Amino acid sequence: MIGVLILFPIAVGLGMLIVRAEHPYVTKAIGAAVAALTFIAAIDLQGSEESFRWLARPFESSFHFGDSGISFWLVLLLALCTFCAILASNTGRQRQFIGQMLLLQGTMMGLFLARDLLVFALFWDLMLLPVFFVLVGWGQHHATAWRYLLYNFAGGLTLLLATAAFGVLYGSTDVIGRSGVHLVGSWVPWIFAGFAFAFLVKTPVWPLHTWMPLTYADMPGPMVAVVSAVQSKAGLYGLIAIGMAFMPDYLRASALLFVVLGAISLLYGAFTALVQSDTKRVVAYSSLSHLGLIVIGIASFNPIALQGALIYMIGHGLFSAAMFMILGYVESREETRSLTRLGGLGAQNPRLAGALCIAALAMLGLPGLAGFVGEILILTGVFQAGWTWAVVVALVSIVLASAYMLRLYQGIMNGPQVADLPVRPDLTWMEGLALAPLVLALVLIGINPHALTTFNTSAYNAAASIAQGTPQ
Amino acid sequence: MIIPVTSADWYAVAPLTIVAVTALVVLLADLLAPKNVNRYVPIGIALAGLIVAAIDCAAAYGHDYAAFGGAFIVGGFSVVFQEIILISAVGSVVLYGAIGVGARTPGAIALLLWSTCGAMLMAGAGNLMTIFLGLELLSLALYCLCGLAERRTAREAALKYLILSSTASAFLLYGMALLFGASGSVALAALVSPALASNPLLWLGAGLFLIGIAFKLSLVPFHTWSPDVYEGAPLPITAFMSVATKAGTLAVFARFIYAALPPGVDERLLLPVWIIAAISMIAGNVGMLAQRDLKRLIAYSGIAQVGYILTALAGGTALGLRYAIFYLAAYAFMNLGAFAVAALLSDDGEQGSVLANYRGLGYRRPIAAALMTFFLLAMAGLPPTAGFLGKILILSTSVNTGYAWLGGFLIAGTAISLYAYAKVIYAMYTRDAHGHAHDVHPFVPLAWISAVACFVLVLVMTFYPLTPSNVLPLVR
């Protein structure tokens, strides 16, 4: 059953790349149906597991898939975002594009469902490829694809070395989601460093972020929606499910480093977002800022902050997906992303303006939407853990968030109409349909965050017990 | 002393005999057949002979036997090396069918088979004489084969290969003479005696021997010949050379360090080898960055890949040897695959080896481009290929045996190499601004075999890593 979640999108995706028959609506319908089916199948995920042996030596490893505790919500987020993004896709060469989207979905499913470190590392490398191919085939700048691949592959390699060392040291890599796994030995700091580097590049945090704004600006909107919503969570997921679960002492010892990097990302991202003229880069830098907050939440080792981090991961996924999809709509309509050229679209496109407004409000943390719940929990937890200065930094950047979101909205929608911009029809029903599930989920989680707070994971329990000072 | 030769000894060399005799049959068939008989006849005969030899060779698995008084060892890991060599010979013969070299095909195939014979002899060599015999048989045939193509670079390649390789052979031979002087026997087993551990003759001899080996493996200070020779040689020969030469030499190297060194010597004696392996991993991958020719790219990649394999052998554990062979087999498949795609794109010529011709291939020949991408990803060690698992296994063994620093070089080298491989992939999937300037030629019929071979290799490369616990125990 779980194998289907991973293999089904990959098989259909490969099929789409190979079969040369093409019809825009049919490919879109097939892609959306696959994503919808995996979403439905994933609802039933909790408690089911699948495993078969891969390696016996030099360490035990199996193709072991299942819910590690926090994967459930990420898997749902992934399927939902892919579904919406496929509906929203409007690039050239639809068949190949949707094929790559499905490959991305399948490989990331594998990543989040892997219960084995080696399988995790395998899917970590695999999920880079669809993004690379999309950047090669649809991107505008040569440098982007390289930056993306080389940064993330460097992370993938340290992850691989760390995994191999973990396996040799512990004798098995079939550990994700298991409690009571503790590593001892003189290499453990190096293993932790290997994992941490990979996770921080992927998230990303300052100063490892330089691949991100380029990548996000260059890729077609629907793909960025999935990458920024879900792929950026892979690093955070790893930090919780691997770093925190198996090497809590080292994460705790380097908490200051993580909090400082997170805080710099928060401020640097917010200030940079304030002055970008490219719409997608504004949101890319705001993502850097938001993800920095999540890193602080995780590194604070406080159960409330961790809870908040998990909710914020989902919330950020939902609103950044919606945001990038809307910016994709704007870009495909007006053929520019420049805030200096855009303006006054709101009068002619009221529905588009409304959608952008909702996404922007969610992004700046309006109460009643998912982002707010996560933010407030993280701030409370971080304050409780004693990082007062980090809370102050976060509050400053939240104020800045309102400023850059307002600037983005005004730059696109308000002001006098620009004469040389092409006049295009307002949001179509298909585009609206693609956004509706995301907005609905944002509101539902905002109103009833309790649904998401029932995480029960070894990582979370470990953090909670460490935070409360009880030895494991 | 006269060693009695029994029929068991002759059975032991049966696979080699089959390959050698097939070569004669190919020549005779060419002599007796009417003119204008097409090139598929010698190719068919050669393939049949190689497959029979492979089956016969596999039958020897598990029946360990030291034939001719220990000169030729059957069973153990030599079977696996011989199978890899035979597979690369099959691949090369198929590529001959796909690109063709006109009237010279029968002669080329006969030489190729004798060369295969030499490599197989090296894989099973149990004493210094057999090693040298195998090496010379392998090399002499290759000197001729390199010069076969009708172009200036081919002659240059042949001459360069002849001179440099002979120099290496001289080192090897002098080292062997000193080793013989130290132990009084040509048998590798005689070198294990602890009394030799402090004998300067052994140190000097082993050092020269290893220099010769490093030369043949094209490790870094001795690597400059390989890109030029690979570039000049015909495509099928390059494919063969890149696998069989390395497999044969690695077999000799593995047997030498595992079974022919006095206790306590290996760590100090072999340290320089590991250091040049580390340098090769970096230099080979850096060298790849500037290449415009697939064959040169693969030559540099081969320099680095041998470094990876040596990383597995460092530490001298049995598990390390298994992983080395696992990786070598994966390396054989990925190289043959890449050459098969290149052959697919060539039409009685070598257009497929010019990297500029790959520009925009993803839109003209999507399947060929996808296959090439797959093989390049395998070389870079990305999933879902055998290259990925091979690297994991090598990394874990390097951590285990205390050679983690070699693992670090492997990681750094891999990071560099990805750029080089991805450059080719990138070129294949960018849209050519000038339309289809470099359109490729239509398939010649046997290119389809090459295409089928590609598909088979893709399947092997995908499923091979899934079942390592079935494959790895094969190596003993």
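Because the structure is a prediction, the values reported are computed rather than measured. (Residues numbered from 1 in each chain as written. Chains lettered and ligands numbered in written order. Predicted model: local features only at pLDDT ≥ 70, side-chain atom pairs only at ≥ 80, totals over all residues.)

1. Some remarks on the overall build of chain B
Stage number 1. Assigned secondary structure in chain B consists of 19 helices and two strands.
Stage number 2. Put simply, chain B has 476 residues, and 61% of those count as buried.
Stage number 3. Long-range contacts, defined as pairs at least 24 residues apart, comprise 77% of the intrachain contacts of chain B with a sequence gap of at least 6. (Helix = DSSP H or I, 4+ residues; strand = E, 2+ residues; numbered from the N terminus. Buried ≥ 20, exposed ≤ 12 C-beta atoms within 10 Å, placed from the backbone. Contact = placed C-beta atoms within 7 Å.)

2. Describing helix α7 (residues 142-170) of chain A
Stage number 1. Here α7 of chain A contains 29 residues, and its C-alpha end-to-end distance of 42 Å stays within 8% of the 42 Å for a straight helix at 1.5 Å per residue.
Stage number 2. With 23 of its 29 residues buried, α7 of chain A lies for the most part within the structure. (Expected span 1.5 Å × (residues − 1).)

3. Brief notes about the environment of A189 of chain B
Stage number 1. As for its placement among the helices and strands, A189 of chain B is situated in the loop between α7 (152-183) and α8 (200-216).
Stage number 2. Not counting residues within four places of it along the chain, the set of residues in contact with A189 of chain B comprises G70 and A259 of chain B.

4. What to know about the packing of helix α15 (residues 350-363) of chain A against helix α17 (residues 388-413) of chain A
All names here are of chain A.
Stage number 1. With their axes 9 Å apart at the nearest point, α15 and α17 run at an angle of 170 degrees to one another. Taken together, α15 and α17 sit at an angle that is classed as roughly antiparallel. In contact with A353, L356, C357, A360 and M363 of α15, α17 contributes A401, M405, L408, Y409, I412 and M413.
Stage number 2. Residue classes in the contact of α15 with α17 are distributed as eleven nonpolar, no polar and no charged. (Axes fitted to C-alpha atoms, helices over the stretch in contact; angles between N-to-C directions. Parallel < 35°, antiparallel > 145°, perpendicular 65-115°, else oblique. Nonpolar A, V, L, I, M, F, W, Y, C, P; charged D, E, K, R; others polar.)

5. Re the interface of chain B and chain A
Stage number 1. Each side of the interface is counted separately: chain B has 24 residues, and chain A has 24 residues.
Stage number 2. Breaking the side of chain B that touches chain A down by element, the ones donating at least two residues are α16 (386-400), α17 (404-429) and α19 (468-471) of chain B.
Stage number 3. Of all the elements, α17 of chain B adds the most residues to the side of chain B that touches chain A, at nine residues.
Stage number 4. Taken together, the residues of the side of chain B that touches chain A break down into 17 nonpolar, seven polar and no charged.

6. Quick look at the domain arrangement of chain A
Size of an interface, as often reported, equals the accessible area lost when the parts are brought together.
Residue and element names in this part refer to chain A.
Stage number 1. Looking at the assigned domains, one finds that chain A contains domain 1 (1-253) and domain 2 (255-455).
Stage number 2. Distance from the C-alpha centre of domain 1 to the C-alpha centre of domain 2: 22 Å.
Stage number 3. Listed as interface residues are 36 residues of domain 1 and, on the opposing side, 43 residues of domain 2.
Stage number 4. Only α3 (71-88), α9 (211-218), α10 (221-246) and α11 (248-253) provide two or more residues apiece to the side of domain 1 that touches domain 2.
Stage number 5. Residue contributions to the side of domain 1 that touches domain 2 peak at 14 residues, all from α10.
Stage number 6. Here the residues of the side of domain 1 that touches domain 2 sort into 27 nonpolar, seven polar and two charged. (Domains from an automatic or database assignment.)

7. Observations concerning the pairing of strand β2 (residues 61-66) of chain A
Residue and element names in this part refer to chain A.
Stage number 1. Where strand β1 (residues 49-55) and β2 come together, six bridges link them in antiparallel fashion. Pairing of E50 across the sheet is with F65, part of β2.
Stage number 2. Hairpin geometry of β1 and β2 is characterised by an intervening segment of five residues between the two adjacent antiparallel strands. (Pairing = 2+ DSSP bridges.)

8. Quick look at the environment of V74 of chain B
Residues and elements named next belong to chain B.
Stage number 1. Here V74 shows up in strand β2 (residues 72-74).
Stage number 2. Between the C-alpha atoms of V74 and E156, which are 82 residues apart in sequence, the distance is 38 Å.
Stage number 3. Beyond its immediate chain neighbours, meaning those up to four positions away, V74 contacts A12, A60, H63, D64, Y65, A67 and G124.

9. Some words on the confidence of the model for chain B
Residue and element names in this part refer to chain B.
Stage number 1. Scored by pLDDT, chain B has a mean of 84; 89% of the residues are at 70 or more.
Stage number 2. Least confident of the elements in chain B is α19, whose mean pLDDT is 50; most confident is helix α12 (residues 294-313), at 93.
Stage number 3. In the model, residues 470-476 has pLDDT below 50 throughout and makes twelve contacts with residues more than four positions away in sequence or in other chains.
Stage number 4. Predicted complex metrics record ipTM = 0.85 and pTM = 0.89. (pLDDT = per-residue confidence, 0-100.)

10. Let's talk about the packing of helix α2 (residues 14-32) of chain B against helix α5 (residues 105-124) of chain B
All names here are of chain B.
Stage number 1. The interhelical angle for the contact between α2 and α5, taken along N-to-C directions, is 170 degrees, at an axis separation of 9 Å. The angle between the axes of α2 and α5 places the two elements in the roughly antiparallel class. On the side of α2, the interface is formed by P15, L16, V19, A20, T22, A23, V26, L27 and D30, while α5 contributes P106, I109, A110, L113, W114, T116, C117, M120 and L121.
Stage number 2. Taken together, the residues of the contact of α2 with α5 sort by class into 15 nonpolar, two polar and one charged.

11. Overview of the nonpolar core
Stage number 1. Among the nonpolar cores identified, the biggest contains 390 residues, and C84, A321 and M325 of chain A are the most heavily contacted of them.
Stage number 2. At 21 residues, helix α13 (residues 318-344) of chain B tops the list of elements feeding residues into this core.
Stage number 3. Both domains that furnish three or more residues to this core are identified here as domain 1 (1-253) and domain 2 (255-455) of chain A.
Stage number 4. If we skip the residues at most four places from it in the chain, C84 of chain A touches A321, M325, A434, L435, P437 and L438 of chain A. (Core = buried A, V, L, I, M, F, W, Y, C linked by C-beta atoms within 7 Å.)

12. With respect to helix α5 (residues 117-126) of chain A
Stage number 1. With ten of its ten residues buried, α5 of chain A lies for the most part within the structure.
Stage number 2. Turning to α5 of chain A, its buried residues number three or more, namely L117, L118, V119, F120, A121, L122, F123, W124, D125 and L126 of chain A.
Stage number 3. Buried residues along α5 of chain A sit against β2, α4 (94-113), α6 (128-138) and α7 of chain A together with α16 of chain B.

13. Observations concerning unusual backbone geometry
Stage number 1. A cis amide bond links T203 of chain A with the next residue in sequence, P204 of chain A, at an omega value of -15 degrees.
Stage number 2. Notably, F68 of chain B is not glycine yet its phi reads approximately 50 degrees, a positive angle.
Stage number 3. Structurally, F68 of chain B can be placed in the loop between β1 (65-67) and β2.

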